[in-house]
Amino acid sequence: QVQLVESGGGLVQPGGSLRLSCAASGIIFSNYRMGWYRQGPGKQRELVARIYSGGDINYVDSVKGRFTISRDNAKNTAYLQMNSLKPEDTAVYYCNAFWRPYDYWGQGTQVTVSS
């Protein structure tokens, strides 16, 4: 049984930081491309960042220089370090594990940036 469990969300003031974690089980973690997506109120789900099995990384332009994605294959965990948070970063953040044809999602964790 595959599980992706996100944690680390919460309420933070503008300019603050949060670190999201995605703990995976039931998959050969090192084979998978790991990604973080988000869905804000009234918006479509969008890619935030992804890290390939070989270490290549992509970020959406709006988070470049503020967010850092990483992975620890020994712990089967992916991370998203989010700094300099803005109100527009408010969303439910989802973890994704992809290795064609397998595509798995976590349940999401809420991030709210507000004063």
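Preceding this paragraph is the structure being described.
Now for a quick tour of the structure. Fair warning: this is a prediction, and the values are worked out from it, not measured in the lab.

Below, the discussion takes up the sheet that holds strand β3 (residues 18-25). Sheets are built from strands paired through backbone hydrogen bonds, the pairs being either parallel or antiparallel. A sheet is described by the order of its strands in space; here four strands give the open sequence β1-β3-β8-β7, paired in antiparallel fashion. The sheet is open, and its two edges are formed by β1 (3-7) and β7 (67-72), each paired on a single side. Adjacent strand axes in the sheet meet at a mean angle of 15°, parallel and antiparallel pairs treated alike. In terms of strand pairing, β7 meets strand β8 (residues 77-82) through six bridges, oriented antiparallel. What sits directly across from R71, in β8, is A78.

Our next topic: the pattern of salt bridges. A complete count under the given rule lists four salt bridges for this structure. With a shortest N-O distance of 2.9 Å, K64 and D61 are connected by a salt bridge. The exposure class assigned to D61 is exposed, which follows from its relative accessible area of 61%. For the salt bridge of R66 with D89, the shortest nitrogen-to-oxygen distance reads 2.8 Å. In this pair, R66 sits in the loop between β6 (57-59) and β7 while D89 sits in the loop between β8 and β9 (91-99), placing the two residues 23 residues apart along the sequence. Looking at R66, the relative accessible area reads 11%, which means it is buried. In this structure D89 comes out as buried when scored by relative accessible area, which is 1%. Each of R38, E46, R66 and D89 takes part in a single network of salt bridges with overlapping partners.

Rules used in this analysis
Residue positions within a chain follow its written sequence, with the count starting from 1. Confidence filtering applies because this is a predicted model: local features only for residues at pLDDT of at least 70, side-chain atom pairs given and counted only at 80 or more, and all residues used for totals across whole chains, interfaces and linings. Each side-chain value is derived from all of the structure's non-hydrogen atoms; neither hydrogens nor water enter the calculation. The pairing criterion is simple: DSSP has to find at least two bridges between the two strands. The way it works is that DSSP assigns letters per residue, a run of H or I at least four long becomes a helix, a run of E at least two long becomes a strand, and they are numbered from the N terminus. Helix axes use the C-alpha atoms of the stretch in contact, all axes being lines fitted to C-alpha atoms, and the angles between their N-to-C directions lie in the range 0 to 180 degrees. In what follows, salt bridge is the name for a side-chain nitrogen of Lys or Arg lying within 4 Å of a carboxyl oxygen of Asp or Glu. Exposed residues in this analysis have more than 50% of their type's maximum accessible area, buried residues have under 20%, and partly exposed residues fall in between, with area computed by a 1.4 Å probe over protein chains only.

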